[in-house]
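# Geometric and topological summary
Spelled out from the first residue to the last, the chains are:
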Amino acid sequence: MNDLSHHDHDGHERHHDHGTGHGHHQEGGGGDKPFTDPVCGMKVGADSAKEIRYAGEIYHFCSTKCMDKFRVAPEQYVGSGKPEPAPAAPEGAIYTCPMHPEIRQPQPGNCPICGMTLEPMLPSLEEEENPELVDFKRRFWWTLPLTVIVTVLAMAGHRIFAGGLPRQSWIELVLSTPVVLWAGWPFFTRGVQSIRNRSPNMWTLIGLGVAAAYSYSVVATVTPSLFPQTFLMHGRIGVYYEAAAVIISLTLLGQILELRARSQTSAAIKSLLGLAPKTARRMNADGTEEDIQLTRVHVGDALRVRPGEKVPVDGVVLEGESAVDESMLTGEPVPVTKRPGDKVIGATINSSGSLIVRSEKVGAQTMLSQIVQMVAQAQRSRAPMQRLADVVAGYFVTIVVAIALLTLLGWGFLGPEPSWVYGFVNAVSVLIIACPCALGLATPMSIMAATGRGATQGILFRDAAAIEGMRKIDTLIVDKTGTLTEGKPAFHSAVAAPGGNEQEVLRFAASIDQGSEHPLAHAIVAEARSRGLPLGKPETFESSSGIGVRGIVDGKHIALGNTALMDMEKVDWKPLARQAESLRLEGASVMYLAADRQLLGLVAVSDPVKQTTPEALATLKEAGITVVMATGDGLTTAKSVGAKLGIAEVYGEVKPQDKLALVERLQAQGKTVAMAGDGINDSPALAKANVGIAMGTGTDVAINSAHVTLVKGDLRGIARARLLSLETVRNMRQNLGFAFVYNALGIPLAAGLLYPFSGRLLSPMIAALAMSLSSVSVITNALRLRGTGK
């Protein structure tokens, strides 16, 4: 049984782990190599007051805090026998199908429904080139010369082998067999798997077509006497080795192009993963600094971010001032100035000054990690528009096989001589050209490209349905605080009573507010300090909840608050009542200031409208979207903000249930409603709306309730999201339309229905080329979305 206890030994009993230098040792031996704290990774010396024995080994710690963490859950830090975290690896990776996201398994393989190669749900920066792509390229290039030779022999062999045509058939058999049986083996495997799983797909058709052409040719070569004279062509029984070989080579080429194109759809996630720095500079308790792996950063660590470096994790600025470039996550091109108390996002770039940051979110909790997870989830979701394609694809292969069989019989019994040869060739063409790969890839590729593009613009879609639904909205409900406004109170103005001084009003208000934790108080104190006003230290301080604060500053009895507090203090506030109401109409919160029961003036604090809000509202109005404001703030303030922004429909003092009821009422009127908010009180309405839009600067609850998240919290993102939605749906329709038209025209052409009019038939080789190019064209069209909005 393992013991976990505080341990104290004499020096001669200590033994350092010379192999690893980790913070544990076994009994016996000696040495003086420093240990490593298994919790934080810091190098430490031997200290009997900070060591614990666990599983027969002794672990050393830099502080009692780390020691307590270890004592609670030691297996978390020594499960692998080493304190260093394991490097990122595919361990725990989930593989899924691009066409069928419901298929998930913990190892690579092929989709049991469509046969497509499964790919990791979350790509890794460390992953090498797709092993299937490497394999297909090897099979393609090694057998391409054989395919070319077989094709040349098929077209001109009767001139080369004049009088020896049967020998030509044997040569073609020898040359085409490696192409069909080795290069094409993966396709046959998938075809058999599709039949075994009772899920016919494109590989069923390719396998049947190639197997039919090759098997028929082998029989015609080995036992030509089995065939009637009508099957003779150029002095021998017609063989189709070149068709089988070319179909395999073209299918391999199509798969190579498709795999390369599909890899580009995950480029957005890989670029996001690449943003994360690998190390952080931690400031230790003893005043030293060290560079550590990002995986060893813990919540509460103080980190130094030097100019030009990336912010390691999400946190808050403790010291310093600098401009931080957040464009890679928010799409905002202008660097944002960060001061003490401001939040910073991991992976953003510190442009100028040095910052000291306290880490608040690490690992999977950082905004970057959540963005990556959200983008990956959205890319693997199913678009509602795909349902029609799914229904068609469910019966498609069976219908195609039936059409191929009818083509064979129709030509065999009714066609011109050699009728059965024509029937066979046309049936193979039908099987090859009708592969439904383009149909299956039509919307998944568009969704993957669009979500990746959205992520680079600071727009995160929860799923494909959100992308489709965004373009339909005609009514937008917005919260005020944090959505239309900054959500951070800022000093507005100070007004002195007749004969007074504005600076003195601000100085006394800031002096008494130094003891308050209220956000309004912080705004007043910050303004006074920015002006360099000498603040007095309150001798006494009393906070009366909801009405204001009181205390003694510079020997004067100061009261700062609303009219209720003034009435309690017997202060006549009416001389400034008109100015106060005027400020409220501008959307400001007003506080009266009195000294020794004499009115000195008033101080106003407001939540300023975001600079980007007017532009965003104008863009939405141009798009025909009606904007409605619903806020918990007072109606007077709400109406003043609404009037300033040109919002006609304003609701003030609304509760969470009121916002939900407003959404339901508008939906009952036939409106397609989007709700934009950032607070917990917005969550019910966000979930109920046709499209819920959360500000990324808001609460996690709001973000989790929403369908779309704007990382920057900028309403202009709604217009961008709507544009991206329109472009994506247009792209999906183009892909689906192309896939349907391709099959609608291709199958009759391959079946030979135009032969009576043109006298020409479609070669199986041309059918294979068309099949491969159709899939590649769908993916290429989807990749155009990566440039939308640039």
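Just so it is clear, the model here is predicted, and its values are computed rather than measured. (Residues numbered from 1 in each chain as written. Predicted model: local features only at pLDDT ≥ 70, side-chain atom pairs only at ≥ 80, totals over all residues. Heavy atoms only, no water.)

To continue, consider the overall build of the chain. Tallying secondary structure elements over the chain gives 27 helices and 33 strands in all. Counting all 790 residues of the chain, 51% fall into the buried class. Sequence separation of at least 24 residues holds for 64% of the intrachain contacts in the chain that already meet a minimum separation of 6. With the model as given, the accessible surface of the chain reaches about 35100 Å², and the carbon-plus-sulfur share is 58%. (Helix = DSSP H or I, 4+ residues; strand = E, 2+ residues; numbered from the N terminus. Buried < 20%, exposed > 50% of the residue type's maximum accessible area, 1.4 Å probe, protein only. Contact = heavy atoms within 4.5 Å. Areas by Shrake-Rupley, 256 points an atom, 1.4 Å probe, with all protein chains shown as cover.)

So, on to unusual backbone geometry. Phi at alanine 347 takes a positive value of approximately 85 degrees, unusual for a residue other than glycine. Mapping alanine 347 onto the fold places it in the loop between β18 (343–344) and β19 (349–350). Despite not being glycine, aspartate 596 shows a phi value in the positive range, around 50 degrees. Mapped onto the secondary structure, aspartate 596 falls in the loop between β27 (588–595) and β28 (598–606). Since its relative accessible area comes to 39%, aspartate 596 is described here as partly exposed.

Our focus in this paragraph is the side chain of serine 217. Note that serine 217 resides in helix α6 (residues 202–222). Residue serine 217 is classed as buried on the basis of its relative accessible area of 0%. Those residues in contact with serine 217 that sit more than four places away from it in its chain are Val239, Tyr240 and Tyr241.

Attention now moves to the sheet that holds strand β8 (residues 104–105). What holds strands together in a sheet is hydrogen bonding between their backbones, with the strands either parallel or antiparallel. Pairing in this open sheet of three strands is antiparallel, and the strands run β8-β7-β9 from one edge to the other. In this open sheet, the two strands that pair with only one neighbour each are β8 and β9 (119–120). With two bridges connecting them, strand β7 (residues 95–96) and β9 associate as antiparallel partners. Bridged to threonine 96 within β9 is glutamate 119. (Pairing = 2+ DSSP bridges.)

A cluster of nonpolar residues, Leu405, Leu409, Phe413, Leu414 and Trp420, forms a patch on the protein surface that exposes about 560 Å² of accessible area. Here the nonpolar patch takes four residues from helix α11 (residues 386–414), the largest share from any one element. (Patch = residues over 30% accessible without salt bridge, like charges linked within 9 Å, V, L, I, M, F, W, Y side chains within 5 Å. Salt bridge = Lys/Arg side-chain N within 4 Å of Asp/Glu carboxyl O.)

Time to look at the confidence of the model for the chain. Per-residue pLDDT for the chain has a mean of 76; in total, 75% of the residues score no lower than 70. Counted against residues more than four places away or in other chains, residues 1–33, with its pLDDT under 50, gives 92 contacts. In this model residues 79–90 is a low-confidence stretch, pLDDT under 50, and it forms 13 contacts with partners more than four residues away in sequence or in other chains. (pLDDT = per-residue confidence, 0-100.)

Our focus in this paragraph is the environment of valine 430. Mapped onto the elements, valine 430 comes out in helix α12 (residues 419–433). The class of valine 430 is buried, set by a relative accessible area of 0%. Residues valine 430 and alanine 751, 321 residues apart in the sequence, show an inter-C-alpha distance of 5.9 Å. Those residues in contact with valine 430, other than ones at most four positions away along the chain, are Val400, Ile403, Ala404, Thr407, Ile747, Ala750 and Ala751.

Moving on, we get to the environment of alanine 630. Position of alanine 630 among the secondary structure elements: in strand β29 (residues 626–630). It is 9.3 Å that separates the C-alpha atoms of alanine 630 and lysine 655, two residues lying 25 residues apart in sequence. Once residues lying within four places of it in the same chain are set aside, the contact partners of alanine 630 are Ile477, Val478, Asp479, Lys480, Tyr651, Val654, Lys659 and Leu662.

Attention now goes to the packing of helix α19 (residues 577–585) against helix α21 (residues 635–645). Remark: α19 packs on α21, axes separated minimally by 7 Å, with the N-to-C direction vectors making an angle of 55 degrees. The angle between α19 and α21 falls in the class oblique. Each of Glu581, Arg584 and Leu585 in α19 lies in contact with α21, whose residues at this interface are Thr636, Thr637 and Ser640. (Axes fitted to C-alpha atoms, helices over the stretch in contact; angles between N-to-C directions. Parallel < 35°, antiparallel > 145°, perpendicular 65-115°, else oblique.)

A few words on the sheet that holds strand β22 (residues 475–478). Spatial strand order, β21-β33-β32-β31-β22-β29-β30: seven strands in an open sheet with mixed pairing. Either end of the sheet is taken by a strand with one partner, and the two such strands are β21 (459–461) and β30 (649–651). Pairwise comparison of adjacent strand axes, ignoring direction, gives a mean angle of 20 degrees for this sheet. Contacts from α21 reach β29 and β30, with the element oriented near 155 degrees to β30. Across the sheet, helix α25 (residues 716–751) is in contact with β21, β22, β31 (673–677), β32 (691–695) and β33 (708–710); its angle to β21 comes to roughly 50 degrees.

For the coordinates displayed, the defined rule picks out five aromatic pairs. Summarising the aromatic geometry, the rings of phenylalanine 136 and phenylalanine 187 are spaced 5.8 Å apart at their centres and angled 75 degrees between planes, so their arrangement reads as edge-to-face. Highlighted residues: phenylalanine 136 in helix α3 (residues 131–160) and phenylalanine 187 in helix α5 (residues 185–196), separated in sequence by 51 residues. For phenylalanine 136, a relative accessible area of 1% puts it in the buried group. (Phe/Tyr/Trp six-rings, centres within 6.5 Å; stacked < 30°, edge-to-face > 60°.)

The next point concerns the pattern of salt bridges. Pairs can form between side chains of opposite charge whenever their charged atoms are close. Tallied over the full model, the rule gives 20 salt bridges. A salt bridge links arginine 190 to glutamate 132; its shortest N-O distance comes to 2.0 Å. Of this pair, arginine 190 sits in helix α5 while glutamate 132 sits in helix α3, and the two are 58 residues apart along the sequence. Classification of glutamate 132 as buried rests on a relative accessible area of 11%. Among the salt bridges present, the one from glutamate 727 reaches arginine 730, with a minimum N-O distance of 3.0 Å.

Time to look at the nonpolar core. Side chains of nonpolar character tend, in soluble globular proteins, to be buried together. By size, the foremost hydrophobic cluster in this structure holds 39 residues, and its most contacted members are Leu476, Ile693, Val708, Leu715 and Ile718. Other than its neighbours up to four places away in sequence, leucine 476 contacts Leu620, Ile625, Thr626, Val627, Val628, Ala674, Met675, Ala676, Ile693 and Ile718. With 35 residues, the next largest nonpolar core counts Phe140, Leu175, Phe188 and Ile432 among its residues. (Core = buried A, V, L, I, M, F, W, Y, C linked by side-chain atoms within 4.5 Å.)

Before going further, it helps to spend a moment on the pairing of β31. When you tally the buried positions in β31, you get five out of five residues, the bulk of the element. Of the two faces of β31, the one lined by Val673, Met675 and Gly677 and the one lined by Ala674 and Ala676 are each fully buried. By the bridge criterion, four bridges tie β22 to β31 in an arrangement that is parallel. Counted as the bridge partner of valine 478 is alanine 676 from β31.

This brings us to α25. Its 36 residues give α25 an end-to-end C-alpha distance of 53 Å, which sits within 8% of 52 Å, the value for a rise of 1.5 Å per residue. Note on α25: the residue one or two positions beyond its end, glycine 752, has a positive phi of about 90 degrees. (Expected span 1.5 Å × (residues − 1).)

A few words on the side chain of serine 359. Structurally, serine 359 is set in strand β20 (residues 355–361). With residues near it in sequence (within four places) discarded, serine 359 still touches Val297, His298, Val299, Gly300, Asp301, Leu303, Val313, Asp314 and Gly315.

So, on to the pairing of β28. With seven of nine residues buried, β28 lies mostly within the body of the structure. One ladder, built from six bridges, connects strand β23 (residues 490–496) with β28; its direction is antiparallel. Residue pairing for β28: alanine 490 is matched across the bridge by serine 606. Bridge analysis of β27 against β28 gives eight bridges, and the strand direction is antiparallel. The residue bridging valine 590 from the neighbouring strand is alanine 604, located in β28. In textbook terms, the turn of a hairpin is the stretch between consecutive antiparallel strands, and for β27 and β28 this stretch comprises two residues, one of which, aspartate 596, has a positive phi near 50 degrees.

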